[in-house]
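What the coordinates show
Residues per chain, in single letters:
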Amino acid sequence: MKVDNYLPRKAEITKVVQETGINLNIKTFHLRFADEKPMMDFKPGQFLMLTVYGVGEAPFGLACAPTSDCNEIIVSVKKTGKVTAALHEHEEGDIVGIRGPYGNSFPVEETKGKDVVFISGGIGLAPLRSLIDYVLHPDLREEFGRVQMLQAFRSPDDMLYDYEQQRWEDSPDTTIKYTIDRPCEGWDHCVGFPHDLIADELECQTENTVYYTCGPPIMIKAVTNELVNLGIDPEDIITTLEMRMSCGLGKCGKCNIGHRYVCKDGPVYSYQELLEMPDEF
Amino acid sequence: MIKKLTNQDLKALLKELRQEFLVIAPFKVKQGRLMKVLYQPVKNDEQLSSIYLTDQPDASPKEYFLPRDDKLGEETAGADCEPADWQDQPRIFLGVRSCDIAGIELFDDVFIENDYIDPFYQQRRENSIIIGYSCSEKADNSFCQEVGVNPVDNDNVPLMLYQKEEGFFLKINDEDKLKEMGILEKIENLADGTDEDLEALINERQEAFKEDDFTIKSELPFPEKEAFSSVNWEEVTASCLGCGVCTFYCPTCFCFKFFWEDVEKNRAWDSCMFSLFTEHASGHNPRESQEQRWRQRLMHKFSYHPKNYQGEPGCVGCGRCVSKCPVNLDIRKVIAHFENSIVGEGVKGNEG
């Protein structure tokens, strides 16, 4: 039985990365627990509740993988509301609070031995990174098949993790396609929305492949539709949802979709599960 | 074991219990220009004469288990710290009716679960003894029997009180618990009552509760898909102001939010009837209109809770949400509308 008093552990910000053009306001925070206790155990796809002391608390998907050499927590945060705005004022050395991890996780075991496709839109790449870094980790790489990615951003200025992309591209049997919404001078990758590019830019097998997608709700919808059109089984399409939450433990009542609590039963769902859920997200 | 008490016996017993326990009982108190029946701690022996058991209290005692403003502690103190404002004097709740007992049982299911325990709730709950109270007449707008609550009798509390024309019966349901808390020895010497006499009283009362013009025809859980596809919620809930009074008076509503006073983290009641309840920081809101929020309230009680908790209803039928609603929106009418809407679909509840 787990007791949780809703109070966070202290964590120190060890690094802040300005991800996007400064006006677009996505920052990545690297965190390390300030106490001597062990690092939390987590799985790819889980989330944590991050407290900005004296301001409030909000859920964020983990953007790091629980690999053997993982000794820090990474979250990417878009400045949107009160908590995120306050967090963006924070610098290296500042203290925040963390509780969790919460929620289910990406079906890692079921993905082993299969090919993996990641399709992301904007900051939707952040929660997928917890699995990308897992699958592409040198110790684990051979447990998974071929990896393809289609990463969509509004513009070159909106790109995330450009400092990681080369490492990912250099992984064995891995290809990455990038796309932006509109043509732009000096851009020699794809242009257009991801769902329009799937058929041409990715090699979509209907067997033995798991598709992970995350991004704005409208993009998830368009991408899953396209994948189903291409004959992919809805069970093989995995996504992760976002909801307002207070507790993260299936109690406070905010993240219901029908009888499901996104914080506990989710945030990861297959498209098959989404089809069975009421349209309430 | 059944005991027979005069009014004086009960007062003497409570006086004795007050030596060790904080006794919390319903009193008629002035709130603004209205008189209300509310649970309050007994502050001195003189107050024992003013305990008011006649009518259903305006509010259930839920705020004593899940306070409306609960200090959880300084958030910088970390996950290992103890709850901040906790008094460990054991408490006795006197005169709790079956609907409100069922409300506390529902809280037990939610906050003391196999995979998660809320330490704040658990401490308050384990520190409390409930003395139930048998209803002698139907409370306004109540429909408790439709959701499996017996207003007259209750075996789920350690002690159950039945008011007679003169004096009381006191039924002892859980001798072990009472012994452990040091209460049994204070009761043992009271005059014995007989099973027959108590049974006669219970049967007589149950007759009075037989007639009810409202029935819930569908099995629980109500079907979830149809709630989204086949019911025009606006038709019956358009007058809702979104004030949330129904949820604040509801003995089973437990939804909450956190709020901060500097680094002190607090918990307060929240309500699914408020638009901000689900609104994302981005402005996106999964339940942006009031009828969607009504759907959530009804379905949480009659579909989602039963689905997640072995068929248990999420409503105890106390009728307070009906009595307190400023626009007379009646949950019984919304249930009937729901049932009529899905009948056309050939659905009879329980999607399994």
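Rules used in this analysis
- Residues numbered from 1 in each chain as written.
- Chains lettered and ligands numbered in written order.
- Predicted model: local features only at pLDDT ≥ 70, side-chain atom pairs only at ≥ 80, totals over all residues.
- Heavy atoms only, no water.
- Domains from an automatic or database assignment.
- Contact = heavy atoms within 4.5 Å.
- Buried area = accessible area lost by both parts, 1.4 Å probe.
- Salt bridge = Lys/Arg side-chain N within 4 Å of Asp/Glu carboxyl O.
- Polar contact = N/O pair within 3.5 Å; in protein donor to acceptor, adjacent residues only side chain to side chain.
- Helix = DSSP H or I, 4+ residues; strand = E, 2+ residues; numbered from the N terminus.
- Nonpolar A, V, L, I, M, F, W, Y, C, P; charged D, E, K, R; others polar.
- Buried < 20%, exposed > 50% of the residue type's maximum accessible area, 1.4 Å probe, protein only.
- Right-handed = clockwise from strand over helix to strand, strands pointing away.
- Pairing = 2+ DSSP bridges.
- Arc of directions from axis to C-beta.

All names here are of chain A. One can read the domain layout of chain A as domain 1 (9-102) and domain 2 (108-240). Each of domain 1 and domain 2 has a C-alpha centre, and these two points are 23 Å apart. Taken residue by residue, the interface counts 21 residues in domain 1 and 18 residues in domain 2. Taken together, the two surfaces of domain 1 and domain 2 that pack against each other cover about 1,500 Å², and 59% of this comes from carbon and sulfur. At the surface where domain 1 touches domain 2, the tally comes to zero salt bridges. Connecting domain 1 to domain 2 are six residue pairs in polar contact (both at pLDDT 80 or more). For the side of domain 1 that touches domain 2, the secondary-structure elements that each account for two or more residues are β2 (26-33) and β5 (73-78). It is β5 that provides the largest number of residues to the side of domain 1 that touches domain 2, a total of four residues. Residues that form the side of domain 1 that touches domain 2 fall into these classes: eleven nonpolar, seven polar and three charged.

Below, the discussion takes up the pairing of strand β12 (residues 237-240) of chain A. Residues and elements named next belong to chain A. Here β12 shows two buried faces, one formed by Ile237 and Thr239 and the other by Ile238 and Thr240. Chirality of the crossover, the property in question, places the unit of strand β11 (residues 209-214), helix α6 (residues 217-229) and β12 among those that are right-handed. Where β12 meets strand β15 (residues 268-270), three bridges bridge the pair, whose relative direction is antiparallel. Residue Thr240 lies in a different strand from β15, and its bridge partner there is Val268.

Attention now goes to the side chain of Arg99 of chain A. Topologically, Arg99 of chain A is positioned in strand β6 (residues 95-102). When its relative accessible area of 4% is taken as the criterion, Arg99 of chain A is described as buried. Within the structure, Arg99 of chain A has its side chain in polar contact with the backbone oxygen of Ser246 of chain A (distance 3.0 Å). Those residues within four positions of Arg99 of chain A in sequence are excluded, and the remaining contacts are Asp4, Tyr6, Leu7, Pro8, Leu48, Met49, Glu57, Ser246, Cys247 and Leu249 of chain A together with Phe258 and Lys265 of chain B.

The next thing to look at is the domain arrangement of chain B. All names here are of chain B. For chain B, the domain assignment lists domain 1 (2-81 + 88-208) and domain 2 (224-343). Here the C-alpha centroids of domain 1 and domain 2 sit 27 Å apart. Among the residues domain 1 hides against domain 2, the three largest losses belong to Lys62, Asn141 and Phe143. Together they make up 19% of the total. Run the count over domain 1 and domain 2 and you get five salt bridges. Across the salt bridge formed by Glu261 and Lys71, the nearest N and O atoms sit 3.7 Å from each other. If you look at where domain 1 meets domain 2, you find 21 residue pairs in polar contact (both at pLDDT 80 or more). If you tally residues by element for the side of domain 1 that touches domain 2, the top one is helix α2 (residues 98-111), at nine residues. Partitioned by chemical class, the residues of the side of domain 1 that touches domain 2 number 16 nonpolar, seven polar and 15 charged.

Since the α-helix turns once every 3.6 residues, residues separated by three or four places project in the same direction. Burial in helix α1 (residues 7-17) of chain B covers these residues: Leu10, Leu13, Leu14 and Leu17 of chain B. Looking straight down α1 of chain B, one finds its buried side chains confined to an arc of 95 degrees; they lie on one side.

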